[in-house]
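These are the residues of each chain, in order.
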Amino acid sequence: MQQRRGDNGSRRIATDGKQSAKSICLVLTSSFSSRMDSRWFLFPGQTLENTKISDRQHALHITKTGWDGITKHLDRKKILQEAADKEAAIKRYLDEGSKNMTKEWENSLENVRKRKEEERVQLLEKKKEERQLRFLELRKEQEEIREKYMEKVKKQIFMTTGHARDLTSALVTSEILFERQKQQEFMEKLKQHEKDENQKYLEIQQQKAEEEMVAEAEKAKKRFEKQMEHSEKLKQNIEEKAKHEKAMRVERAKKEALDNIEAVKEMEKLEKLQTDEKIRRKKELFEDKKKYLQKDREIKQQKIKEEKELDEVIEIYKEAKHRIDCMKQERVQEMRDAVLKKQEKIAAMVMAEQMDKSEAEEKIIKKAMAEKEAA
C-alpha cells in the first residue's frame, strides 16, 4: 500500500486490485462514503486511453477530515491530555481573573483572611508587649520588696549591736515601765468605775423594786375589789338561780302530775285497745280456721272426685288397651297368614317351574335319543 498526497489536499492510497477491494471492505464505512472515493492511479505520462486495466492501480482518495476521523483513535491519549490541559488553562485563567477582580474588595475571602491574619499578628504582638510590661512591673516590685527587706535587716543588725543595742534596751525598759504604770492606773480607774456602776445599778434596782411593790399592792387591791364585786354578783346570781329552779321544780311537779294523769288515761286506753285487738284477732283466727276447715273439706271432696274420675279413666284405658292388643294379635295373625300364603304361592310357582324344566329336559333327552337311534 502506498500513500500519496494529491493536489487538492486529499490523501491517496495506492493498492493493487486484490488489496484494494479488501482494504475498502475493512476500512471504509458508510459514514465516510461521501468523503472518499476510489480512482485509477496513473503515473506521469499515462492516461486511461493508453494504459491497460492490468497496468493500472487503484487509489483511494479521502479528505483530510475523513482521514483524521479514521486515525484520531491513534492519538486518543494526546487528545485527552490536550483537552485536560485546555480545561486546566481555562480554570487558571478564570481563577486569575477572579483573583484580580476580587483583590480590591474588602469583603472578599482572601482579603478577609489577610485582615484576620493581620489582626491575629497584632493581637499576638500586643499580648507579647503586655507580658513584657507585666514582667518589668513584677521585677520592679520584687526589687522594691528586696530593698525594703535589706533595709529592715540592716536596721535589725544595727539595733542589736554595740551602743545602739544598749540604747534600744534602755528605751524598751523605760517604755515597759511607763506602760506598766499606765496600765495600773487604768486598772484602778476601771475598778473604781465598775464600783460606781454597781452602786448606781443597785440604787436603780432598789428603786425599781420599790416601784414594783407599790404597783403590785395597787394591783392586788384592785383585784380584791374586783373579786368582791364578782362574788356579790355571783351570790345574787346563785340566789336568783335558786329561786328560778325552785319555781321550775314546782312547775315541773305540777306538769309531771298532769302528765301522770294523762299517762294513766293513755294506759287505760291502750289496755282497752289491746283487749279489743285481742278479741278482734281471736275472731279473725276463728273465721280463718272455719274457712280453712271448709276449704279442707272441699279439697278432700275434690280429691275423692278426681280419684274416682281417674279410676274410671284407668278402666277405660285398660279396656281400650285390651281391645288394641286383641286387634294387634289379629293383625299379626293376618300378616302371618298372608306371608304363609305368599310363601306357598312362591313354592308352587317354583315347583311348577322346576316341573316345566324337568319336562323340557326329558323332551330334549328323548329327542336326542331318538335322533341318536335314527342315526
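Note that the structure is a prediction, hence the values are computed from the model and not measured.

A.B. asks: With reference to specific residues and values, describe the overall build of the protein chain.
C.D. replies: Across its full length, the protein chain holds 5 helices and 4 strands. When the helices and strands of the protein chain are listed from N to C terminus, the series reads β-β-α-β-β-α-α-α-α. Taking all 375 residues of the protein chain together, 6% fall into the buried category. Partitioning the intrachain contacts of the protein chain with sequence separation of at least 6 by distance along the chain shows that 43% fall at a separation of at least 24. When the accessible area of the protein chain is evaluated, it comes to approximately 35,600 Å², of which 56% is carbon and sulfur surface.

A.B. asks: For the UniProt feature "coiled-coil region" (unreviewed entry) in the protein chain, give the residues involved together with the corresponding values.
C.D. replies: UniProt feature "coiled-coil region" (unreviewed entry): in the numbering of this structure it lies at residues 76–146 and 303–337. The span residues 303–337 is 100% helix and 0% strand, and its two end C-alpha atoms sit 50 Å from each other.

A.B. asks: Explain a nonpolar patch on the surface residue by residue, including any values.
C.D. replies: A cluster of nonpolar residues, W40, L48 and I53, forms a patch on the protein surface that exposes about 290 Å² of accessible area. On the secondary structure map, I53 appears in the loop between β3 (36–41) and β4 (57–62). Judged by its relative accessible area of 57%, I53 falls in the exposed class.

A.B. asks: Let's hear about the pattern of salt bridges: which residues, and what values?
C.D. replies: Considering all chains together, one arrives at 8 salt bridges under this definition. The closest approach of N and O atoms between E117 and R120, which form a salt bridge, is 2.5 Å. With a gap of 3 residues between them, E117 and R120 both fall in helix α4 (residues 109–159), about one helical turn apart. The class for R120 is partly exposed, based on a relative accessible area of 44%. With a closest N to O distance of 3.6 Å, R146 and E143 form a salt bridge. Taken together, the residues span about one helical turn, with R146 and E143 both in helix α4 at a distance of 3 residues. Accessibility expressed as a relative area gives 37% for E143, which makes it partly exposed. Through salt bridges with shared partners, a single ionic network connects E277, R280 and E284.

A.B. asks: Describe a negative patch on the surface, naming the residues involved and giving the relevant values.
C.D. replies: Judged by side-chain charge, E306, E307, E309, D311, E312 and E315 come together as a negatively charged surface patch. The exposure class of E315 is partly exposed, given its relative accessible area of 49%.

A.B. asks: Give a description of the confidence of the model for the protein chain that names residues and reports values.
C.D. replies: With 88% of its residues at a pLDDT of 70 or more, the protein chain has an overall mean of 77. Low confidence marks residues 1–34, where pLDDT is under 50. Its contacts with residues over four positions away, or in another chain, come to 51 contacts.

A.B. asks: Tell me about helix α2 (residues 64–71), and name the residues and values.
C.D. replies: If you check which residues of α2 are buried, you get G66, W67 and T71. Buried residues of α2, viewed axially, fall in a sector of 125°; they line one side.

Calculation criteria
- Residues numbered from 1 in each chain as written.
- Predicted model: local features only at pLDDT ≥ 70, side-chain atom pairs only at ≥ 80, totals over all residues.
- Heavy atoms only, no water.
- Helix = DSSP H or I, 4+ residues; strand = E, 2+ residues; numbered from the N terminus.
- Buried < 20%, exposed > 50% of the residue type's maximum accessible area, 1.4 Å probe, protein only.
- Contact = heavy atoms within 4.5 Å.
- Areas by Shrake-Rupley, 256 points an atom, 1.4 Å probe, with all protein chains shown as cover.
- UniProt positions renumbered as here; feature names shortened; annotations may be inferred.
- Patch = residues over 30% accessible without salt bridge, like charges linked within 9 Å, V, L, I, M, F, W, Y side chains within 5 Å.
- Salt bridge = Lys/Arg side-chain N within 4 Å of Asp/Glu carboxyl O.
- Lys, Arg positive; Asp, Glu negative; His and termini not counted.
- Charge placed at Lys NZ, Arg CZ, Asp CG, Glu CD.
- pLDDT = per-residue confidence, 0-100.
- Arc of directions from axis to C-beta.

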